[in-house]
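# Descriptive analysis of the structure
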Amino acid sequence: MLDSLTHALRTRPDLPAVLGTTRSGAVRTRATRGELADLADRYATALHARGVARGATVGVAVRPGPRALAVLLAVHRLGARAAVLDPGAGPDVLRARLALARPDAVLADAAAQAVAGWARPLARRARLALPDLAELGPVATVGPRLPGCARALDADIRSVVLPRPVDEDGDAVIVFTSGTTARPRAVVHTRSSLAAGMATVTGLVRVTPGRPVLGGTFFVLVPSLASGAPVALPARAPRVLARQLRRLAPQATYLTPPQLRAALAAGARFTGRVWTGSAPASVDLLTRVKRAGAEEAWGVYALTELFPAAAVEQADKAAFTGGGDLVGTPLPGVTAKTDACGELLLSGPAARDRCLGEEPDPWVATGDRAHLDDGRIVLRGRLKDMVLRHAENIYPGLYEPALHVPGVELALLVGVPAGDGDERLVAVVQPGRGADPEALRSALADPLRRMGSARPDAVLMADIPLSGRSRKPDRAATAHLAAARLATGGRR
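Notes on the structure in this doc start here. (Residues numbered from 1 in each chain as written. Predicted model: local features only at pLDDT ≥ 70, side-chain atom pairs only at ≥ 80, totals over all residues. Heavy atoms only, no water.)

## Section: the overall build of the chain
- Each helix and strand counted, the chain has 15 helices and 27 strands in total.
- For the chain, the spread of C-alpha atoms along the principal axes amounts to about 70 × 45 × 45 Å.
- Counting only contacts in the chain whose residues sit at least 6 apart along the sequence, the fraction spanning at least 24 positions is 59%.
- Carbon together with sulfur atoms contributes 52% to the accessible area of the chain, which is approximately 21,800 Å² in total.
- Computed over 63 positive and 46 negative side-chain charges, the separation of the two mean positions in the chain equals 7 Å. (Helix = DSSP H or I, 4+ residues; strand = E, 2+ residues; numbered from the N terminus. Contact = heavy atoms within 4.5 Å. Areas by Shrake-Rupley, 256 points an atom, 1.4 Å probe, with all protein chains shown as cover. Lys, Arg positive; Asp, Glu negative; His and termini not counted. Charge placed at Lys NZ, Arg CZ, Asp CG, Glu CD.)

## Here we look at the nonpolar core
- Counting 75 residues, the largest nonpolar core has Tyr-301, Leu-346 and Ile-377 as its most contacted members.
- The next biggest cluster of nonpolar side chains, apart from the first, holds 23 residues, and it includes Leu-241, Leu-245, Leu-286 and Ala-294. (Core = buried A, V, L, I, M, F, W, Y, C linked by side-chain atoms within 4.5 Å. Buried < 20%, exposed > 50% of the residue type's maximum accessible area, 1.4 Å probe, protein only.)

## Looking at the pattern of salt bridges
- One pass over the full model with this rule turns up 22 salt bridges.
- A salt bridge links Asp-171 to Arg-81, with the shortest nitrogen-to-oxygen separation between them at 2.8 Å. In this pair, Asp-171 is assigned in strand E7 (residues 171–179) and Arg-81 in strand E4 (residues 81–84), connecting sequence segments 90 residues apart.
- In this structure Arg-81 comes out as buried when scored by relative accessible area, which is 13%.
- The salt bridge partner of Arg-449 is Asp-446, with a shortest N-O separation of 3.0 Å. (Salt bridge = Lys/Arg side-chain N within 4 Å of Asp/Glu carboxyl O.)

## Brief notes about helix H9 (residues 238–248)
- Where H9 is concerned, the buried positions are Val-240, Leu-241, Ala-242, Gln-244, Leu-245 and Leu-248.
- The inward-facing, buried residues of H9 contact strand E1 (16–21), strand E2 (27–32), strand E9 (213–214), strand E10 (231–232), strand E11 (252–254) and helix H10 (257–265).
- Looking one or two places after H9, you find Ala-249, whose phi comes out positive at around 45°.

## Focus on the packing of helix H1 (residues 2–9) against helix H2 (residues 33–49)
- As a packed pair, H1 and H2 sit with axes 8 Å apart at the nearest point and diverge in direction by 130°. What the angle tells us is that H1 and H2 run oblique. Crossing hand, H1 versus H2: left-handed. Residues Thr-6, Ala-8 and Leu-9 of H1 form the contact with H2, whose own contacting residues are Arg-33, Gly-34, Leu-36, Ala-37 and Asp-41.
- Its residues assigned to classes, the contact of H1 with H2 shows 4 nonpolar, 2 polar and 2 charged. (Axes fitted to C-alpha atoms, helices over the stretch in contact; angles between N-to-C directions. Parallel < 35°, antiparallel > 145°, perpendicular 65-115°, else oblique. Left-handed = near helix turned anticlockwise from the far one by under 90°. Nonpolar A, V, L, I, M, F, W, Y, C, P; charged D, E, K, R; others polar.)

## Comments concerning the packing of H2 against helix H3 (residues 66–77)
- Relative orientation of the contacting elements H2 and H3 amounts to 50°, with a least axis distance of 8 Å. With respect to H3, the axis of H2 lies oblique. The hand of the H2/H3 crossing is right-handed. The residues of H3 that touch H2, namely those facing Leu-36, Leu-39, Ala-40, Tyr-43, Ala-44 and Leu-47, are Pro-66, Arg-67, Leu-69, Ala-70, Val-71, Leu-73, Ala-74, Val-75 and Arg-77.
- Split by residue class, the contact of H2 with H3 holds 13 nonpolar, no polar and 2 charged.

## What to know about a positive patch on the surface
- A cluster of basic residues, Arg-23, Arg-239, Arg-243, Arg-246, Arg-247 and Arg-433, forms a positive patch on the protein surface.
- Note that Arg-23 resides in the loop between E1 and E2. (Patch = residues over 30% accessible without salt bridge, like charges linked within 9 Å, V, L, I, M, F, W, Y side chains within 5 Å.)

## Some remarks on the environment of Gly-357
- Among the structural elements, Gly-357 can be located in the loop between strand E18 (354–355) and strand E19 (364–373).
- Each C-alpha atom of the pair Gly-357 and Leu-248 lies 44 Å from the other, and the pair is 109 residues apart in sequence.

## Comments concerning the packing of aromatic side chains
- The full count for this structure, using the stated rule, is 3 aromatic pairs.
- A ring pair is formed by Phe-219 and Phe-307, whose centres lie 4.8 Å apart and whose planes are at 35°; its orientation type is tilted. Separated by 88 residues along the polypeptide, Phe-219 in helix H8 (residues 218–226) and Phe-307 in strand E14 (residues 306–313) bring together distant segments of the chain.
- For Phe-219, a relative accessible area of 17% translates into the label buried.
- With centroids separated by 5.0 Å and ring planes inclined at 20°, the aromatic side chains of Trp-275 and Trp-298 adopt a geometry described as stacked. With Trp-275 in strand E12 (residues 273–276) and Trp-298 in strand E13 (residues 296–303), the pair connects residues that are 23 residues apart, well separated along the chain.
- Taking relative accessible area as the criterion, Trp-275 reaches 3% and is therefore assigned buried.
- Of the aromatic side chains, those joined through ring pairs into one cluster are Phe-218, Phe-219 and Phe-307.
- Seen from the ring of Trp-363, Lys-337 lies directly overhead, with NZ or CZ sitting 4.1 Å from the centre. (Phe/Tyr/Trp six-rings, centres within 6.5 Å; stacked < 30°, edge-to-face > 60°. Lys NZ or Arg CZ within 6 Å of the ring centre and 35° of its normal.)

## Looking at the pairing of strand E15 (residues 325–330)
- Of all 6 residues that make up E15, 5 are buried, and the element is covered over most of its length.
- In the sheet, E14 pairs with E15 via 2 bridges, with the strands oriented antiparallel. Following the sheet pairing, Ala-310 is matched in E15 by Pro-330.
- Where E15 meets strand E20 (residues 376–382), 3 bridges bridge the pair, whose relative direction is antiparallel. Pairing of Gly-328 across the sheet is with Ile-377, part of E20. (Pairing = 2+ DSSP bridges.)

## Thoughts on the environment of Asp-422
- Along the chain, the position of Asp-422 falls in strand E24 (residues 422–431).
- Look at Asp-422 and you get partly exposed, because its relative accessible area is 22%.

## Section: unusual backbone geometry
- The omega torsion of the bond from Phe-307 to Pro-308 falls at -15°, within 30 degrees of zero and hence cis.
- Structurally, Pro-308 can be placed in strand E14.
- In this structure, Arg-206 takes a positive phi of about 60° despite not being glycine.
- Relative to the helices and strands, Arg-206 resides in the loop between helix H7 (191–205) and E9.
- Residue Asp-374 is not a glycine yet carries a positive backbone phi of 50°.
- Of note, Asp-374 is situated in the loop between E19 and E20.
- Residue Asp-374 is classed as exposed on the basis of its relative accessible area, which comes to 80%.

As structure tokens, this is what we get:
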């Protein structure tokens, strides 16, 4: 799909490709299809002139948008691989990660270079930090330059002379996931696994040419543009996002659960099919999305190692009465099984090839406990999130769905040290906007009673901390919050 996208963009080059929005929600074109194709060609020429060729590694610190997509298309054309840099990871972690990836070049926009330089004190307030990018490899600027920025990537390009595209399989992208500064961990996708993932998305979303799609991820942009649909990047401010949805009326929308919750709180209305992933999506959230106008509301189960793996529509999730969290039937090509410990293992053409520095492995160990219900995947909690209480192993993910009664925004079960190696099990519940905490406590009484031996020792009402690029609930921070509240006599 990436190989053919640039050619597809040349068809009707005058049509919009990437859309933005004004504060009023009005639609504006950030790049036409022809402009995006020209930019990708120009970047490919510039990278080739810098010696980037098949097998090279290019660090990428460019905000999502037309330039970031053009960079990835250019890197792909040359048969190189892109190592994605996350400014939220911290400078020490990034140094360790890039020491493992060893980039031949680093491409950064002015904002990323400012975070690493003169704007570092301001960036710290936003919890963003980058080391001096020049420590990581030769730096070039993508997009407009600011004082102190490296030379522009395409500064010396007078005419576009494209190298022959690489049409062999090989590494395409490196995405760092976890690990420590001593031992970073990264997922390596090949050109074929990326193509398989995007083909799955295409079949799942069923994009109609010409009608806009809302979403900012790579796996939204490429399949939608290849299918002939313009893609609108979601506004960051919830109120502006609500206006954008009203003006745009997209045929399909992909937002993370935190984005959906914020949009709903701002009064957003939806059209067409709405998809959400990157963090757990409760049946209550999907139901609220449908009540806000969506024809369908889908939860997508996906991992960095395999995107997407399964999907479930709100109606099927609401009808499920078993224990655990139904995330749907494995998508075409995905094989699912569990091992002796109950851990979910996945395989398929879209699975990552390997972890960086390790041998290829066809099976992805998800870290999730699960069982298969007539072929459907039902999650029963994270292996590492197990809470040990009274010598009993309790897996929060098995019970958390029951806490999402109407009016509950988020809910987690966390362990708080209780001495002698034991833990107290605490339910931390975040009320939705305008919800009455006392009414929620009454509504939770029956679900709590049905938990049996896994019934929590305490129930706290509090905002649950979020972390990471996808703003997932942060269990460690929530456990610290619960411990602090209980230590100061927080209400049961």
